[in-house]
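The residues making up each chain are set out below.
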Amino acid sequence: MQISDVQLDQVNTQIGRLIASDNFYGRRLREAGITGVSSVEEFQRLPFSEKQDLREAYPLGLSAVPQRDVVRIHSSSGTTGTPVIIPYTQKDVEDWAIQFARCYEYAGITADDRIQITPGYGLWTAGIGFQAGAERLGAMAIPMGPGNTEKQLQFMMDMESTVLTATASYALLLAEEIEKRGIKDKIKLRKLVTGSERSGEKIRQRIIDALGVEYYDIYGLTEVYGPGIGINCQHGHTMHVWSDYVYVEIIDPDTGELVPDGEWGEIVLTTLVKEGAPLIRFRTHDLSRIVPGACPCGHNEHPRIDTITGRSDDMMKIHGVNVFPAQIEEILSSFPELSSEYQIRLSHLDGRDTMRIYVETNGSVDWENLRMRVAKRVKHRIGFTPLVKIVELGVLPRSEKKTRRVFDERYD
Ligand code: ZN
(Lines give C-alpha, C1' and ligand atoms only; values in the text may rest on other atoms or scores of the structure.)
Protein backbone atom coordinates (compact mmCIF):
# COMPACT_ATOMS: atom_id res chain seq x y z
CA MET A 1 0.00 0.00 0.00
CA GLN A 2 1.49 3.32 -1.09
CA ILE A 3 2.27 5.90 1.57
CA SER A 4 -0.48 8.56 1.76
CA ASP A 5 -0.08 12.34 1.88
CA VAL A 6 -1.17 12.37 5.51
CA GLN A 7 1.46 9.74 6.33
CA LEU A 8 4.12 11.70 4.42
CA ASP A 9 3.29 14.77 6.53
CA GLN A 10 3.63 12.66 9.64
CA VAL A 11 7.00 11.33 8.44
CA ASN A 12 8.18 14.91 7.95
CA THR A 13 7.24 15.76 11.52
CA GLN A 14 9.19 12.71 12.64
CA ILE A 15 12.18 13.77 10.54
CA GLY A 16 12.13 17.23 12.09
CA ARG A 17 12.04 15.74 15.57
CA LEU A 18 14.88 13.33 14.81
CA ILE A 19 17.14 15.99 13.35
CA ALA A 20 16.51 18.27 16.33
CA SER A 21 17.34 15.47 18.76
CA ASP A 22 20.53 14.59 16.84
CA ASN A 23 20.14 10.91 17.71
CA PHE A 24 21.67 8.28 15.41
CA TYR A 25 19.01 8.67 12.74
CA GLY A 26 18.89 12.45 13.07
CA ARG A 27 22.63 12.55 12.41
CA ARG A 28 22.23 10.19 9.48
CA LEU A 29 19.64 12.53 7.95
CA ARG A 30 21.73 15.59 8.62
CA GLU A 31 24.81 14.04 7.03
CA ALA A 32 22.74 13.08 3.98
CA GLY A 33 21.36 16.62 3.81
CA ILE A 34 17.76 15.40 4.15
CA THR A 35 15.33 17.79 5.84
CA GLY A 36 12.08 16.23 4.66
CA VAL A 37 10.37 14.15 1.97
CA SER A 38 7.85 15.42 -0.53
CA SER A 39 7.09 12.27 -2.52
CA VAL A 40 6.80 8.51 -2.28
CA GLU A 41 10.08 8.19 -4.17
CA GLU A 42 11.89 10.40 -1.70
CA PHE A 43 10.46 8.42 1.20
CA GLN A 44 11.71 5.20 -0.35
CA ARG A 45 15.21 6.62 -0.53
CA LEU A 46 15.36 7.23 3.23
CA PRO A 47 17.99 5.03 4.86
CA PHE A 48 16.92 1.95 6.83
CA SER A 49 17.44 1.67 10.55
CA GLU A 50 18.57 -1.55 12.19
CA LYS A 51 18.49 -3.18 15.58
CA GLN A 52 22.26 -2.69 15.75
CA ASP A 53 21.75 1.12 15.55
CA LEU A 54 19.44 0.88 18.54
CA ARG A 55 21.93 -1.21 20.47
CA GLU A 56 24.69 1.29 19.87
CA ALA A 57 22.45 4.01 21.35
CA TYR A 58 22.37 2.20 24.71
CA PRO A 59 21.28 3.32 27.22
CA LEU A 60 19.21 6.41 26.29
CA GLY A 61 20.78 7.62 23.07
CA LEU A 62 17.67 6.72 21.10
CA SER A 63 15.58 9.35 22.84
CA ALA A 64 14.21 12.14 20.67
CA VAL A 65 12.74 14.14 23.57
CA PRO A 66 14.13 15.87 26.71
CA GLN A 67 14.57 13.40 29.55
CA ARG A 68 11.77 14.97 31.62
CA ASP A 69 9.25 13.98 28.93
CA VAL A 70 10.11 10.28 29.23
CA VAL A 71 7.60 8.51 31.50
CA ARG A 72 8.66 4.90 31.00
CA ILE A 73 11.25 2.72 29.32
CA HIS A 74 11.01 -0.76 27.93
CA SER A 75 13.78 -3.04 26.83
CA SER A 76 13.90 -5.70 24.18
CA SER A 77 15.49 -8.91 25.31
CA GLY A 78 18.84 -8.89 23.63
CA THR A 79 19.62 -12.55 22.99
CA THR A 80 23.14 -11.38 22.25
CA GLY A 81 24.99 -8.53 23.87
CA THR A 82 23.67 -5.08 24.66
CA PRO A 83 19.92 -4.69 25.14
CA VAL A 84 17.87 -2.02 23.40
CA ILE A 85 16.17 0.63 25.53
CA ILE A 86 13.05 2.31 24.15
CA PRO A 87 11.90 5.51 25.89
CA TYR A 88 8.16 6.33 25.90
CA THR A 89 6.47 9.69 26.46
CA GLN A 90 3.03 10.05 28.04
CA LYS A 91 1.53 10.23 24.56
CA ASP A 92 3.42 7.10 23.39
CA VAL A 93 2.06 5.13 26.35
CA GLU A 94 -1.48 6.35 25.59
CA ASP A 95 -1.15 5.70 21.86
CA TRP A 96 -0.03 2.16 22.56
CA ALA A 97 -3.04 1.55 24.82
CA ILE A 98 -5.38 3.00 22.17
CA GLN A 99 -3.93 0.64 19.56
CA PHE A 100 -4.16 -2.32 21.90
CA ALA A 101 -7.77 -1.52 22.80
CA ARG A 102 -8.50 -1.41 19.08
CA CYS A 103 -6.98 -4.90 18.76
CA TYR A 104 -9.39 -6.18 21.38
CA GLU A 105 -12.29 -4.47 19.60
CA TYR A 106 -11.37 -6.13 16.30
CA ALA A 107 -11.49 -9.44 18.14
CA GLY A 108 -15.02 -8.60 19.29
CA ILE A 109 -13.94 -8.13 22.93
CA THR A 110 -15.96 -5.58 24.96
CA ALA A 111 -16.18 -3.96 28.39
CA ASP A 112 -18.16 -7.01 29.50
CA ASP A 113 -15.16 -9.29 29.05
CA ARG A 114 -12.74 -10.53 31.68
CA ILE A 115 -9.23 -10.77 30.27
CA GLN A 116 -6.76 -13.14 31.91
CA ILE A 117 -3.28 -11.89 31.13
CA THR A 118 -0.48 -14.47 31.26
CA PRO A 119 2.37 -12.76 29.35
CA GLY A 120 5.11 -11.45 31.66
CA TYR A 121 5.28 -8.02 33.28
CA GLY A 122 8.55 -6.14 33.50
CA LEU A 123 11.10 -4.56 31.24
CA TRP A 124 9.68 -6.03 28.12
CA THR A 125 6.46 -4.96 26.49
CA ALA A 126 4.19 -7.96 26.88
CA GLY A 127 1.96 -8.04 29.98
CA ILE A 128 1.64 -4.30 30.51
CA GLY A 129 0.50 -3.79 26.91
CA PHE A 130 -2.26 -6.38 27.23
CA GLN A 131 -3.27 -4.77 30.51
CA ALA A 132 -3.30 -1.12 29.38
CA GLY A 133 -5.40 -2.08 26.35
CA ALA A 134 -7.89 -3.99 28.51
CA GLU A 135 -8.28 -1.04 30.89
CA ARG A 136 -8.61 1.43 28.04
CA LEU A 137 -11.39 -0.74 26.60
CA GLY A 138 -13.07 -0.96 29.98
CA ALA A 139 -12.76 -4.73 30.29
CA MET A 140 -11.72 -6.40 33.52
CA ALA A 141 -8.00 -7.15 33.50
CA ILE A 142 -6.81 -10.15 35.50
CA PRO A 143 -3.03 -9.59 35.64
CA MET A 144 -1.71 -13.08 36.32
CA GLY A 145 1.66 -12.94 34.62
CA PRO A 146 3.28 -16.18 33.46
CA GLY A 147 3.50 -19.57 35.13
CA ASN A 148 1.78 -21.12 38.14
CA THR A 149 -0.65 -23.20 36.11
CA GLU A 150 -2.55 -24.31 39.22
CA LYS A 151 -3.43 -20.72 40.09
CA GLN A 152 -4.13 -19.81 36.47
CA LEU A 153 -6.78 -22.52 36.23
CA GLN A 154 -8.27 -21.64 39.61
CA PHE A 155 -8.65 -17.98 38.65
CA MET A 156 -9.88 -18.90 35.19
CA MET A 157 -12.75 -20.80 36.82
CA ASP A 158 -13.46 -18.52 39.80
CA MET A 159 -13.15 -15.22 37.93
CA GLU A 160 -14.97 -16.68 34.92
CA SER A 161 -12.36 -15.33 32.49
CA THR A 162 -13.77 -14.95 28.99
CA VAL A 163 -10.55 -14.04 27.22
CA LEU A 164 -7.14 -15.64 27.59
CA THR A 165 -4.01 -13.79 26.48
CA ALA A 166 -0.97 -16.03 26.20
CA THR A 167 1.79 -17.23 23.95
CA ALA A 168 0.63 -20.09 21.74
CA SER A 169 2.78 -22.54 23.67
CA TYR A 170 1.37 -21.51 27.04
CA ALA A 171 -2.18 -21.59 25.69
CA LEU A 172 -1.51 -25.14 24.50
CA LEU A 173 -0.16 -26.14 27.90
CA LEU A 174 -3.24 -24.71 29.65
CA ALA A 175 -5.55 -26.36 27.11
CA GLU A 176 -3.95 -29.74 27.75
CA GLU A 177 -4.23 -29.27 31.53
CA ILE A 178 -7.91 -28.38 31.21
CA GLU A 179 -8.52 -31.54 29.16
CA LYS A 180 -6.51 -33.68 31.55
CA ARG A 181 -8.47 -32.46 34.56
CA GLY A 182 -11.83 -32.65 32.81
CA ILE A 183 -12.77 -29.12 33.85
CA LYS A 184 -13.73 -27.77 30.44
CA ASP A 185 -17.37 -27.23 31.50
CA LYS A 186 -16.17 -24.93 34.29
CA ILE A 187 -14.23 -22.71 31.85
CA LYS A 188 -15.95 -19.71 30.25
CA LEU A 189 -13.25 -18.75 27.73
CA ARG A 190 -14.54 -17.50 24.37
CA LYS A 191 -11.44 -15.99 22.84
CA LEU A 192 -7.69 -16.38 22.84
CA VAL A 193 -5.37 -13.51 21.95
CA THR A 194 -1.79 -14.63 21.37
CA GLY A 195 1.41 -12.66 21.01
CA SER A 196 3.53 -12.72 17.92
CA GLU A 197 5.14 -16.09 18.55
CA ARG A 198 4.77 -18.04 15.34
CA SER A 199 2.75 -21.20 15.68
CA GLY A 200 2.02 -23.81 13.07
CA GLU A 201 -1.49 -24.58 11.88
CA LYS A 202 -1.40 -27.94 13.73
CA ILE A 203 -0.86 -26.28 17.12
CA ARG A 204 -3.39 -23.54 16.40
CA GLN A 205 -6.12 -26.06 15.56
CA ARG A 206 -5.24 -28.15 18.59
CA ILE A 207 -5.76 -25.12 20.89
CA ILE A 208 -9.00 -24.10 19.19
CA ASP A 209 -10.39 -27.64 19.55
CA ALA A 210 -9.31 -28.07 23.15
CA LEU A 211 -10.44 -24.68 24.45
CA GLY A 212 -13.33 -24.05 22.09
CA VAL A 213 -12.17 -20.45 21.53
CA GLU A 214 -11.79 -18.00 18.66
CA TYR A 215 -8.09 -17.51 17.98
CA TYR A 216 -6.56 -14.05 17.44
CA ASP A 217 -2.97 -13.19 16.60
CA ILE A 218 -1.48 -9.87 17.62
CA TYR A 219 1.48 -8.29 15.88
CA GLY A 220 4.07 -5.99 17.35
CA LEU A 221 7.61 -5.60 18.63
CA THR A 222 9.18 -3.69 21.48
CA GLU A 223 11.04 -1.33 19.17
CA VAL A 224 7.68 -0.16 17.76
CA TYR A 225 5.46 0.25 20.87
CA GLY A 226 5.20 -3.50 21.58
CA PRO A 227 2.49 -6.04 20.75
CA GLY A 228 -0.71 -4.36 19.63
CA ILE A 229 0.10 -2.53 16.39
CA GLY A 230 -2.07 -5.01 14.50
CA ILE A 231 -4.36 -8.02 14.82
CA ASN A 232 -6.43 -10.28 12.62
CA CYS A 233 -10.12 -9.42 12.33
CA GLN A 234 -12.98 -11.91 12.34
CA HIS A 235 -12.35 -12.73 8.67
CA GLY A 236 -9.35 -15.02 8.56
CA HIS A 237 -5.83 -15.05 9.95
CA THR A 238 -4.28 -12.05 8.16
CA MET A 239 -3.53 -9.09 10.45
CA HIS A 240 -4.57 -5.46 9.96
CA VAL A 241 -1.79 -3.04 10.93
CA TRP A 242 -2.86 0.41 12.22
CA SER A 243 -2.02 2.84 9.44
CA ASP A 244 -2.57 5.90 11.64
CA TYR A 245 0.40 4.83 13.79
CA VAL A 246 2.67 2.70 11.62
CA TYR A 247 3.55 2.52 7.94
CA VAL A 248 4.39 -0.95 6.60
CA GLU A 249 6.71 -1.84 3.73
CA ILE A 250 7.88 -5.26 2.55
CA ILE A 251 11.40 -5.53 1.10
CA ASP A 252 13.59 -8.22 -0.37
CA PRO A 253 15.89 -8.87 2.62
CA ASP A 254 18.82 -9.45 0.29
CA THR A 255 18.65 -6.37 -1.89
CA GLY A 256 16.61 -3.96 0.26
CA GLU A 257 14.31 -3.33 -2.72
CA LEU A 258 10.54 -3.06 -2.19
CA VAL A 259 8.61 -6.10 -3.37
CA PRO A 260 5.13 -5.84 -4.96
CA ASP A 261 2.07 -6.36 -2.74
CA GLY A 262 1.39 -10.06 -2.29
CA GLU A 263 5.04 -11.11 -2.44
CA TRP A 264 6.91 -12.35 0.61
CA GLY A 265 9.75 -10.44 2.18
CA GLU A 266 10.88 -8.60 5.30
CA ILE A 267 8.59 -6.21 7.18
CA VAL A 268 9.96 -2.66 7.47
CA LEU A 269 8.11 -0.29 9.80
CA THR A 270 8.00 3.49 10.12
CA THR A 271 6.40 5.02 13.21
CA LEU A 272 4.20 7.98 12.27
CA VAL A 273 3.48 9.76 15.55
CA LYS A 274 5.93 8.34 18.06
CA GLU A 275 7.71 10.90 20.28
CA GLY A 276 10.14 9.08 22.57
CA ALA A 277 11.86 6.95 19.96
CA PRO A 278 10.58 7.54 16.43
CA LEU A 279 11.87 4.98 13.95
CA ILE A 280 12.09 5.44 10.22
CA ARG A 281 12.19 2.37 7.94
CA PHE A 282 13.12 0.01 10.76
CA ARG A 283 14.06 -3.47 9.54
CA THR A 284 12.15 -5.95 11.71
CA HIS A 285 13.59 -9.11 10.09
CA ASP A 286 10.07 -10.59 10.38
CA LEU A 287 8.92 -12.28 7.20
CA SER A 288 5.46 -11.71 5.83
CA ARG A 289 3.68 -10.14 2.87
CA ILE A 290 1.08 -7.46 2.25
CA VAL A 291 -2.20 -9.24 1.55
CA PRO A 292 -3.68 -7.57 -1.53
CA GLY A 293 -7.39 -6.93 -2.02
CA ALA A 294 -10.21 -5.84 0.24
CA CYS A 295 -11.03 -7.46 3.59
CA PRO A 296 -14.70 -8.38 4.15
CA CYS A 297 -14.61 -6.45 7.45
CA GLY A 298 -14.32 -3.23 5.44
CA HIS A 299 -11.40 -1.75 7.39
CA ASN A 300 -9.29 -1.33 4.30
CA GLU A 301 -7.63 1.80 5.64
CA HIS A 302 -5.53 -0.62 7.70
CA PRO A 303 -3.48 -2.83 5.34
CA ARG A 304 -3.17 -6.51 6.10
CA ILE A 305 -0.05 -8.60 6.57
CA ASP A 306 0.06 -12.38 6.54
CA THR A 307 1.01 -14.59 9.49
CA ILE A 308 4.70 -14.13 10.27
CA THR A 309 6.45 -17.11 8.68
CA GLY A 310 9.86 -16.62 10.28
CA ARG A 311 12.87 -14.34 10.36
CA SER A 312 14.79 -13.05 7.39
CA ASP A 313 17.97 -14.20 9.13
CA ASP A 314 16.63 -17.71 8.47
CA MET A 315 16.19 -17.14 4.74
CA MET A 316 18.30 -19.45 2.61
CA LYS A 317 19.45 -18.65 -0.87
CA ILE A 318 20.05 -21.83 -2.81
CA HIS A 319 20.40 -22.25 -6.57
CA GLY A 320 19.38 -18.60 -6.86
CA VAL A 321 16.04 -19.18 -5.11
CA ASN A 322 15.01 -17.62 -1.78
CA VAL A 323 13.79 -20.41 0.46
CA PHE A 324 12.23 -19.92 3.89
CA PRO A 325 12.19 -22.64 6.55
CA ALA A 326 8.42 -22.15 6.81
CA GLN A 327 8.02 -23.36 3.22
CA ILE A 328 9.91 -26.57 3.98
CA GLU A 329 7.98 -26.94 7.23
CA GLU A 330 4.69 -26.62 5.38
CA ILE A 331 5.69 -29.36 2.92
CA LEU A 332 6.87 -31.68 5.70
CA SER A 333 3.67 -31.15 7.68
CA SER A 334 1.72 -32.60 4.74
CA PHE A 335 3.26 -36.00 5.59
CA PRO A 336 1.34 -37.45 8.56
CA GLU A 337 4.03 -40.12 9.04
CA LEU A 338 6.66 -37.47 9.90
CA SER A 339 7.09 -35.88 13.34
CA SER A 340 7.01 -32.07 13.70
CA GLU A 341 10.79 -31.94 14.10
CA TYR A 342 13.19 -31.41 11.20
CA GLN A 343 16.62 -30.01 10.49
CA ILE A 344 17.91 -28.32 7.36
CA ARG A 345 21.64 -28.32 6.57
CA LEU A 346 23.12 -26.42 3.66
CA SER A 347 26.54 -27.37 2.44
CA HIS A 348 28.79 -26.87 -0.53
CA LEU A 349 29.68 -30.23 -2.06
CA ASP A 350 31.59 -30.86 -5.29
CA GLY A 351 31.17 -27.26 -6.44
CA ARG A 352 27.46 -26.93 -5.82
CA ASP A 353 25.07 -26.02 -3.03
CA THR A 354 23.25 -28.90 -1.43
CA MET A 355 20.34 -28.96 0.96
CA ARG A 356 19.99 -31.88 3.34
CA ILE A 357 16.71 -32.25 5.20
CA TYR A 358 16.63 -34.50 8.25
CA VAL A 359 13.19 -35.77 9.22
CA GLU A 360 11.91 -38.25 11.80
CA THR A 361 9.59 -41.19 11.56
CA ASN A 362 9.11 -44.56 13.23
CA GLY A 363 10.08 -48.08 12.18
CA SER A 364 6.71 -49.08 10.72
CA VAL A 365 7.19 -46.88 7.64
CA ASP A 366 9.00 -47.77 4.38
CA TRP A 367 11.88 -45.30 4.77
CA GLU A 368 13.20 -45.45 1.21
CA ASN A 369 9.77 -44.83 -0.25
CA LEU A 370 9.09 -41.96 2.18
CA ARG A 371 12.49 -40.43 1.43
CA MET A 372 11.73 -40.31 -2.27
CA ARG A 373 8.25 -38.91 -1.81
CA VAL A 374 9.50 -36.09 0.43
CA ALA A 375 12.30 -35.19 -2.02
CA LYS A 376 9.84 -35.21 -4.90
CA ARG A 377 7.36 -32.92 -3.15
CA VAL A 378 10.10 -30.41 -2.24
CA LYS A 379 11.33 -30.45 -5.86
CA HIS A 380 7.79 -29.91 -7.07
CA ARG A 381 7.10 -26.95 -4.75
CA ILE A 382 10.47 -25.22 -4.54
CA GLY A 383 12.25 -26.24 -7.71
CA PHE A 384 15.25 -28.27 -6.67
CA THR A 385 15.80 -31.73 -5.20
CA PRO A 386 17.13 -31.90 -1.64
CA LEU A 387 18.89 -34.86 -0.04
CA VAL A 388 16.38 -36.26 2.40
CA LYS A 389 17.72 -38.19 5.40
CA ILE A 390 15.33 -40.10 7.59
CA VAL A 391 16.15 -40.72 11.23
CA GLU A 392 14.48 -42.55 14.11
CA LEU A 393 11.81 -40.70 16.09
CA GLY A 394 13.39 -38.63 18.90
CA VAL A 395 16.87 -38.37 17.35
CA LEU A 396 16.66 -34.67 16.38
CA PRO A 397 17.37 -32.26 19.25
CA ARG A 398 14.45 -30.58 21.05
CA SER A 399 14.67 -27.43 23.06
CA GLU A 400 12.34 -25.74 25.55
CA LYS A 401 13.07 -22.41 23.96
CA LYS A 402 13.59 -21.80 20.29
CA THR A 403 14.91 -24.90 18.55
CA ARG A 404 17.53 -24.17 15.91
CA ARG A 405 16.54 -25.98 12.73
CA VAL A 406 18.61 -24.40 9.97
CA PHE A 407 22.37 -24.79 9.67
CA ASP A 408 24.21 -23.10 6.83
CA GLU A 409 27.58 -24.83 6.57
CA ARG A 410 28.48 -23.49 3.15
CA TYR A 411 30.88 -20.80 4.30
CA ASP A 412 32.23 -22.35 7.49
ZN1 ZN B 1 -10.56 -7.41 8.21
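Not measured: the values here are computed from a predicted model.

## Here's the deal with the overall build of the chain
Part 1 of the argument: Looking only at helices and strands, the chain features 11 helices and 20 strands.
Part 2 of the argument: The C-alpha atoms of the chain give a radius of gyration of 23 Å, which matches the 22 Å a tight globule of 412 residues would have.
Part 3 of the argument: With 412 residues in all, the chain has 54% of them scored as buried.
Part 4 of the argument: Considering only intrachain contacts with a sequence separation of at least 6, the fraction spanning at least 24 residues in the chain is 65%.
Part 5 of the argument: For the chain, the separation between the mean place of its 48 positive charges and that of its 58 negative charges on side chains is 3 Å.

## Focus: helix α2 (residues 24–31)
Part 1 of the argument: Of the positions making up α2, those classed as buried are Phe24, Tyr25, Gly26 and Leu29.
Part 2 of the argument: Elements in contact with the buried residues of α2: α1 (5–21) and α4 (51–56).
Part 3 of the argument: N-cap assignment for α2: the residue whose side-chain oxygen lies 3.0 Å from the backbone N of Tyr25 is Asn23.
Part 4 of the argument: Within two residues after α2, Gly33 carries a phi angle of roughly 70°, on the positive side.

## A few points about the coordination of the zinc ion
Part 1 of the argument: Taken together, Cys233 (SG), His240 (NE2), Cys295 (SG) and Cys297 (SG) make up the protein donors of the zinc ion, found 2.1 to 2.3 Å from the metal.
Part 2 of the argument: Its 4 donor atoms give the zinc ion angles of 100 to 119° at the centre, a pattern that matches the tetrahedral case.
Part 3 of the argument: Sequence spacing of the donors to the zinc ion: C-x6-H-x54-C-x1-C. In this pair, the class of Cys233 matches that of His240, namely buried.

## Some remarks on the sheet that holds strand β18 (residues 352–361)
Part 1 of the argument: Read from one edge to the other, the open sheet built from 4 strands follows the order β19-β18-β17-β20, with strand pairing classed as mixed. Looking at the sheet topology across the chains shown, the edges are occupied by β19 (387–392) and β20 (406–408). In this sheet, adjacent strand axes meet at a mean angle of 20° when their direction is disregarded.
Part 2 of the argument: Alignment of strand β17 (residues 342–349) against β20, held across 3 bridges, turns out to be parallel. Bridging across to β20, Arg345 finds its partner in Phe407.
Part 3 of the argument: Running at roughly 125° to β17, helix α10 (residues 325–332) makes contact with β17, β18 and β20 of the sheet.
Part 4 of the argument: Here helix α11 (residues 367–382) sits on the sheet and contacts β18 and β19; the angle it forms with β19, its principal contact strand, is near 140°.

## Re the packing of aromatic side chains
Part 1 of the argument: Under the definition given, this model contains 7 aromatic pairs.
Part 2 of the argument: Judged by centre distance (4.7 Å) and plane angle (70°), the ring pair of Tyr106 and Trp242 falls under edge-to-face. Remark: Trp242 occurs in the loop between β9 (239–241) and β10 (246–251) and Tyr106 occurs in helix α5 (residues 90–106); sequence separation between them is 136 residues.
Part 3 of the argument: Overall, Trp242 belongs to the buried group, its relative accessible area being 0%.
Part 4 of the argument: Linked through ring pairs, Phe100, Tyr104 and Phe130 together constitute an aromatic cluster.

## A short note on the environment of Gly81
Part 1 of the argument: With respect to the helices, strands and loops of the structure, Gly81 is situated in the loop between β1 (70–76) and β2 (84–89).
Part 2 of the argument: In this structure, the C-alpha to C-alpha distance between Gly81 and Arg55, residues 26 residues apart in sequence, is 8.6 Å.

## Some thoughts on the domain arrangement of the chain
When the parts of a complex come together, some accessible area is lost, and that lost area is often used as the size of the interface.
Part 1 of the argument: Looking at the chain, the domain boundaries give domain 1 (90–312) and domain 2 (315–408).
Part 2 of the argument: Using only C-alpha atoms to locate each centre, domain 1 and domain 2 end up separated by 30 Å.
Part 3 of the argument: Opposite the 10 residues of domain 1 that make contact, domain 2 presents 7 residues.
Part 4 of the argument: Carbon and sulfur atoms make up 52% of the surface buried where domain 1 meets domain 2, a total of about 740 Å² over both sides.

## A short note on the packing of α10 against α11
Part 1 of the argument: In the contact formed by α10 and α11, the axes pass within 10 Å of each other and the chain directions differ by 135°. By the angle between their directions, the pair α10 and α11 is classed as oblique. For the crossing formed where α10 meets α11, the hand is right-handed. Across the interface between the two elements, Gln327, Ile328, Glu330, Ile331 and Leu332 from α10 touch Val374, Arg377, Val378, Arg381 and Ile382 from α11.
Part 2 of the argument: Classifying every residue of the contact of α10 with α11 by side-chain character gives 6 nonpolar, 1 polar and 3 charged.

## Details of the pattern of salt bridges
Part 1 of the argument: A complete count under the given rule lists 26 salt bridges for this structure.
Part 2 of the argument: Of the charged contacts, one joins Arg181 and Glu150 as a salt bridge, the two residues approaching to 2.9 Å between their closest N and O atoms. One end of the pair, Arg181, is in helix α8 (residues 168–181); the other, Glu150, is in helix α7 (residues 149–158), with 31 residues separating them in the sequence.
Part 3 of the argument: Taken together, the salt bridges that share partners define one network made up of Glu150, Glu177, Lys180 and Arg181.

Rules behind the numbers
Residues numbered from 1 in each chain as written. Predicted model: local features only at pLDDT ≥ 70, side-chain atom pairs only at ≥ 80, totals over all residues. Heavy atoms only, no water. Helix = DSSP H or I, 4+ residues; strand = E, 2+ residues; numbered from the N terminus. Rg over C-alpha atoms; globule rule 2.2 N^0.38 Å. Buried < 20%, exposed > 50% of the residue type's maximum accessible area, 1.4 Å probe, protein only. Contact = heavy atoms within 4.5 Å. Lys, Arg positive; Asp, Glu negative; His and termini not counted. Charge placed at Lys NZ, Arg CZ, Asp CG, Glu CD. Polar contact = N/O pair within 3.5 Å; in protein donor to acceptor, adjacent residues only side chain to side chain. Donors = N, O, S within 2.8 Å, 3.2 Å for Na, K, Ca; no water. Tetrahedral: all angles 85-135°; square planar, octahedral: opposite > 155°, others 65-115°. Pairing = 2+ DSSP bridges. Axes fitted to C-alpha atoms, helices over the stretch in contact; angles between N-to-C directions. Phe/Tyr/Trp six-rings, centres within 6.5 Å; stacked < 30°, edge-to-face > 60°. Domains from an automatic or database assignment. Buried area = accessible area lost by both parts, 1.4 Å probe. Parallel < 35°, antiparallel > 145°, perpendicular 65-115°, else oblique. Left-handed = near helix turned anticlockwise from the far one by under 90°. Nonpolar A, V, L, I, M, F, W, Y, C, P; charged D, E, K, R; others polar. Salt bridge = Lys/Arg side-chain N within 4 Å of Asp/Glu carboxyl O.

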